[in-house]
Amino acid sequence: MDVTRIIAIRHGETAWNVDTRIQGQLDIPLNDTGQWQARRVGQALVDESVQAIYASDLARAWQTAAQVGEHTGLPVTPHLGLRERGFGQFEGKTFAEIEAHLPEQARLWRTRDPVFAPEGGESLIVFRQRVVDTAAELAARHPGEQIVLVAHGGVMDVLYRAATGQELQAPRTWALGNAAINRLLWTPQGFSLVGWSDTQHLQDKSLDENHS
């Protein structure tokens, strides 16, 4: 089977990102900065050969994907498998609040215990399986083509680990920036990494609004 090229994008910034508040599967929209970032990533991909765009249905990802769709002329297809990890009772709380009120759960979360799930949420093992299965399913539809996946920080983290062979508990040493462009390849044997955390489009003034 031919290789599928994947452009994976985390959504633009939200007010809760700024506040370090856990969003999980709560539906938080982009803030003004996030909307600007979404336009820029759309502009950056305008000349890419893309055959399909898939996105989490949560507003922050969907709004980001809509800009990619606008600039590439493609529709966006929602997929629940691209949603952020379900964080259950952590959702809506800041990092500091979780540390203060749920110290033992905070420790399990901080140490990346693979079987720990916040009450009402997903464990890392379950979340990884969902993301890898979803990304593989979507990539398999497009052999020899390039697709865009717009999702969340946790999804990007799983894809990076899958492409580089990093264990779930390995400390994160890679960026998960809002609206960064990440590139992977997929074959039935799995994922491999091409490039990660390209943010030039968020710095290059030549991409400003006259291109929108």
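Look up a bit, the structure's there.
Conventions we followed
Residues numbered from 1 in each chain as written. Predicted model: local features only at pLDDT ≥ 70, side-chain atom pairs only at ≥ 80, totals over all residues. Heavy atoms only, no water. Axes fitted to C-alpha atoms, helices over the stretch in contact; angles between N-to-C directions. Helix = DSSP H or I, 4+ residues; strand = E, 2+ residues; numbered from the N terminus. Left-handed = near helix turned anticlockwise from the far one by under 90°. Contact = heavy atoms within 4.5 Å. Nonpolar A, V, L, I, M, F, W, Y, C, P; charged D, E, K, R; others polar. Pairing = 2+ DSSP bridges. Core = buried A, V, L, I, M, F, W, Y, C linked by side-chain atoms within 4.5 Å. Buried < 20%, exposed > 50% of the residue type's maximum accessible area, 1.4 Å probe, protein only. Phe/Tyr/Trp six-rings, centres within 6.5 Å; stacked < 30°, edge-to-face > 60°. Parallel < 35°, antiparallel > 145°, perpendicular 65-115°, else oblique.

Chemist: Looking at this structure, I do not really get the packing of helix 2 (residues 32–44) against helix 3 (residues 59–72). What am I missing?
Modeler: Packed helices, taken two at a time, are described by the angle between their axes plus the distance between the axes. In the contact formed by helix 2 and helix 3, the axes pass within 8 Å of each other and the chain directions differ by 35 degrees. Taken as a pair, helix 2 and helix 3 cross one another with a handedness that is right-handed. Residues A38, R39, V41, G42 and Q43 of helix 2 pack against Q63, T64, Q67, V68 and H71 of helix 3. The class makeup of the residues in the contact of helix 2 with helix 3 is 3 nonpolar, 6 polar and 1 charged.

Chemist: Please clarify how the sheet that holds strand 6 (residues 190–198) should be interpreted in this entry.
Modeler: Strands belonging to one sheet form pairs held by backbone hydrogen bonds; the direction of such a pair is parallel or antiparallel. One open sheet holds the 6 strands; their spatial order is 3-2-4-1-5-6, and the pairing between them is mixed. With one partner strand each, in any of the chains shown, strand 3 (76–78) and strand 6 form the two edges of the open sheet. Pairwise comparison of adjacent strand axes, ignoring direction, gives a mean angle of 25 degrees for this sheet. Where strand 1 (residues 4–10) lies against strand 4 (residues 146–151), 6 bridges are found, and the strand directions are parallel. Counterpart to I7 in the pairing with strand 4 is V148. Together, strand 1, strand 2 (52–55), strand 4, strand 5 (181–187) and strand 6 form the strand contacts of helix 6 (residues 124–140), whose direction differs from that of strand 4 by roughly 150 degrees.

Chemist: Looking at this model, I keep getting lost on the nonpolar core. Mind explaining?
Modeler: Nonpolar side chains tend toward joint burial in soluble globular proteins. One finds I6, I147 and L149 to be the most contacted residues of the largest nonpolar core, which totals 26 residues. Listed by contribution, the elements that provide at least two residues to this core are strand 1, strand 2, helix 6, strand 4, helix 7 (153–164), strand 5 and strand 6. Here I6 is in contact with A139, I147, L149, N182, R183, L184, W186 and F191, once residues within four sequence places are set aside. Core analysis: the next-biggest nonpolar cluster, separate from the first, contains 14 residues, V50, A61, V76 and I181 among them.

Chemist: Help me out: how do you make sense of the environment of T33 in this one?
Modeler: With respect to the helices and strands, the residue T33 is situated in helix 2. What makes T33 partly exposed here is its relative accessible area of 37%. Placed 18 residues apart in sequence, T33 and A15 show a C-alpha to C-alpha distance of 9.1 Å.

Chemist: How should I be thinking about the packing of aromatic side chains in this particular structure?
Modeler: Note on aromatic pairs: each is described by the distance of the centres and the angle between the planes. Under the criterion given, the structure shown has 6 aromatic pairs. Both rings, one in F87 and one in W109, keep their centres 6.0 Å apart while their planes meet at 70 degrees; by these two values the pair is edge-to-face. Taken together, the positions of F87 in the loop between strand 3 and helix 4 (95–101) and W109 in helix 5 (residues 103–110) put the pair 22 residues apart, joining distant regions of the chain. Judged by centre distance (5.7 Å) and plane angle (70 degrees), the rings of F95 and W109 are edge-to-face. Taken together, the positions of F95 in helix 4 and W109 in helix 5 put the pair 14 residues apart, joining distant regions of the chain. For F95, a relative accessible area of 40% gives the class partly exposed. A network of ring pairs unites the aromatic residues F87, F90, F95, W109 and F116 as a single cluster.

Chemist: What am I meant to see in the packing of helix 6 against helix 7 here?
Modeler: Axis separation between helix 6 and helix 7 bottoms out at 10 Å; the angle between their running directions is 75 degrees. Between helix 6 and helix 7, the interaxial angle falls into the category roughly perpendicular. Contacts between helix 6 and helix 7 involve F127, R128, V131, V132 and A135 from the first element and G154, V155, V158, L159 and A162 from the second.

Chemist: Any chance you could explain the environment of L138 here in plain terms?
Modeler: Summarising the element assignment, L138 is placed in helix 6. Along the chain, L138 and H79 lie 59 residues apart, while their C-alpha atoms are 9.3 Å from each other. Not counting the four nearest positions on each side in its chain, L138 is found in contact with Y54, H79, L82, I147 and L149.

Chemist: I would appreciate a short explanation of the pairing of strand 2 in the present structure.
Modeler: The side chains of a regular strand alternate between the sheet's two faces. The two faces of strand 2 match: A52 and Y54 on one face and I53 and A55 on the other face are all buried. Where strand 2 lies against strand 4, 4 bridges are found, and the strand directions are parallel. The residue bridging I53 from the neighbouring strand is V148, located in strand 4. As paired elements, strand 2 and strand 3 share 3 bridges and run parallel to each other.

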